[in-house]
Amino acid sequence: MIWIFLGAPGAGKGTQAERLRGDFGFVQMSTGEMLREAMRAGTELGKTVQGYVTRGELVPDDLMAEILQQRLAQGNTGNGVILDGFPRTVRQAEMLEGILARHCWQLCGVVYLDVSEEIVLQRLGGRRNCPQCGANYHVVTMPPKVEGRCDRCGAELVVRPDDALEAIRKRLEVYRRQTEPLVNFYSQRGLLERIDAGGAVDEVYQAVKSVISRRWKRCLAGE
Ligand code: AMP
């Protein structure tokens, strides 16, 4: 069973998906994190995507679909998979339909985390990331227990290069132009669940959890 988390950068996709992992046994697949991992490891893939990611541009669709397909085919999919950051274009969404059909995977729902641009700018401005395990923090709303250190692995937290102001602007513009059309795409297919994601993390999580519980039952019943 597959879930998609859709929303602007900073909408809270990663944060909410991470929580669902604990409560529902889902596996989170963050395409952004996969790319950052490849860049950290200095692999061929990492070198290929570095420029796009740092500039806040999208990596080409075919490459992203290939990466996702390979990851899904590896198995280890828990009680279901949350796609965090994929698809990001209508073409990727169409390719995803093909991948899911080929493997008989079912798309249970698309959780659309809706936030204003003002909130996105506030959130991304204070975001800190663990370069070792990928965990995200925020200096004001979600600080680590020890300042500047990751709670999970103790590594020193950094500001992602694509969280620099220029790159944030670019990512928002790319989101509006290329990713936002997916709201209609999935709404037309009866899969979209819109959630107001401007509130506190716990508040948003309650809304996400209730949508997932409801849809999960329907999905299990084969509806
Ligand atoms: P994220 O961590 O989801 O904000 O992704 C960080 C960056 O990785 C994006 O700004 C893109 O450059 C790249 N990226 C992640 N997922 C995709 C995708 N599905 N399609 C194209 N580029 C992506």
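This one's a predicted model, so the numbers in the text were calculated from it and none came from an experiment.

A. Examining the overall build of the protein more closely. Helix and strand counts for the protein come out as 9 helices and 7 strands. Here the protein has a C-alpha radius of gyration of 17 Å; the compact-globule value for 223 residues is 17 Å, and the two agree. Once the C-alpha set of the protein is aligned to its principal axes, its extents read approximately 45 × 40 × 35 Å. Per-residue burial for the protein yields a buried fraction of 47% across its 223 residues. Nonlocal contacts in the protein, meaning residues at least 24 apart in sequence, comprise 72% of its contacts between residues at least 6 apart. Summing over all exposed atoms, the protein offers an accessible surface of approximately 10,900 Å²; the carbon and sulfur share of this is 50%. Of the side-chain charges in the protein, 30 are positive and 28 negative, and the distance between the mean point of each set is 2 Å.

B. Expanded view of the site of the ligand. Within the structure, the ligand sits among 16 residues, and Thr 31, Arg 36, Glu 57, Gly 85 and Gln 92 are positioned closest to it. Here a nitrogen atom of the ligand sits 2.9 Å away from a polar atom, N or O, in the side chain of Gln 92. Within the complex, the protein chains bury 96% of what would otherwise be the 480 Å² of accessible surface of the ligand. A per-element tally of the shell around the ligand places helix α2 (residues 31-41) first, with 4 residues. Residue composition of the shell around the ligand, by class: 6 nonpolar, 4 polar and 6 charged.

C. Region of the structure containing the packing of aromatic side chains. According to the stated counting rule, one finds 5 aromatic pairs in the structure shown. Here Phe 24 and Trp 216 contribute two aromatic rings whose centre-to-centre distance is 5.5 Å and whose plane-to-plane angle is 55 degrees, an arrangement assigned as tilted. Of this pair, Phe 24 sits in helix α1 (residues 13-24) while Trp 216 sits in helix α9 (residues 201-220), and the two are 192 residues apart along the sequence. Look at Phe 185 and Tyr 186: their rings are 5.0 Å apart centre to centre, the planes differ by 85 degrees, and that puts the pair in the edge-to-face class. Within the aromatic cluster, the residues linked to one another by ring pairs are Trp 3, Phe 24, Phe 26 and Trp 216. Against the face of Tyr 205 rests Arg 19, its NZ or CZ located 5.7 Å from the ring centre. The aromatic ring of Phe 185 is capped on one face by Arg 189, whose charged end is 3.7 Å from the ring centroid.

D. Quick look at the packing of helix α7 (residues 165-179) against helix α8 (residues 181-188). Orientation of α7 relative to α8, taken along the N-to-C sense of each, is 35 degrees, at an axis distance of 5 Å. Contacts from Arg 176, Arg 177, Gln 178 and Thr 179 in α7 reach Pro 181, Leu 182 and Val 183 in α8. When its residues are assigned to classes, the contact of α7 with α8 shows 3 nonpolar, 2 polar and 2 charged.

E. Expanded view of the environment of Gly 7. Note on placement: Gly 7 falls in strand β1 (residues 2-7). C-alpha of Gly 7 to C-alpha of Arg 88: the two residues are 81 residues apart in sequence and 9.4 Å apart in space. Aside from chain neighbours lying at most four places away, what touches Gly 7 is Lys 13, Tyr 112, Leu 113 and Tyr 175.

F. The nonpolar core, seen in detail. Among the nonpolar cores identified, the biggest contains 60 residues, and Phe 5, Leu 20, Leu 83, Leu 113, Tyr 186, Val 208 and Ile 212 are the most heavily contacted of them. In terms of residues, this core owes the most to one element, α9, which gives 7 residues. Setting aside residues no more than four positions away along its own chain, Leu 83 makes contact with Ile 2, Trp 3, Ile 4, Phe 5, Met 29, Leu 68 and Leu 96. Among the nonpolar cores identified, the runner-up in size contains 6 residues, and Cys 130, Ala 135, Cys 150 and Leu 157 belong to it.

Thresholds applied
Position numbers for residues count from 1 along each chain, tracking the sequence in the order it is written. The predicted origin of the model limits local features to residues at a pLDDT of at least 70 and limits the giving and counting of side-chain atom pairs to 80 or more, whereas totals for whole chains, interfaces and linings rest on all residues. The basis for the side-chain values is all heavy atoms of the structure; hydrogens and waters are excluded. Only runs of H or I of at least four residues qualify as helices and only runs of E of at least two qualify as strands under DSSP, and these elements are numbered from the N terminus. In this description the radius of gyration comes from C-alpha coordinates, and the expected globular size is given by 2.2 Å times residues to the power 0.38. Type-normalised accessible area, obtained with a 1.4 Å probe on protein chains alone, sets the label of each residue: buried when under 20%, exposed when over 50%, and partly exposed for intermediate values. By the convention used here, residues are in contact when the closest approach between their heavy atoms is within 4.5 Å. What sets the accessible areas is the Shrake-Rupley method with a 1.4 Å probe; for residues, cover comes only from the shown protein chains. Only four residue types enter the tally: Lys and Arg on the positive side, Asp and Glu on the negative side; His and the chain ends are excluded. Charge positions are represented by NZ for Lys, CZ for Arg, CG for Asp and CD for Glu. For this purpose, a residue is taken to be near a molecule or strand whenever a single non-hydrogen atom of the residue falls within 4 Å of it. Pairing of N or O atoms within 3.5 Å defines a polar contact, subject to two protein rules: one partner must be a possible hydrogen donor and the other a possible acceptor, and residues neighboring in sequence count only if both atoms are side-chain atoms. Throughout, the ten residues Ala, Val, Leu, Ile, Met, Phe, Trp, Tyr, Cys and Pro are labelled nonpolar, Asp, Glu, Lys and Arg are labelled charged, and all others, Gly among them, are labelled polar. Geometry of aromatic contacts follows a simple scheme: Phe, Tyr and Trp rings, the Trp one being its six-membered ring, pair when their centres are within 6.5 Å, and the pair is stacked under 30 degrees between planes, edge-to-face over 60, tilted otherwise. For a Lys NZ or an Arg CZ to count as sitting over a ring, it must be within 6 Å of the ring centre and within 35 degrees of the ring normal. Interaxial angles span 0 to 180 degrees and are taken between N-to-C directions of axes, which are lines fitted to C-alpha atoms, for helices over the stretch in contact. In plain words, nonpolar cores are sets of buried Ala, Val, Leu, Ile, Met, Phe, Trp, Tyr and Cys residues tied together by side-chain atoms within 4.5 Å.

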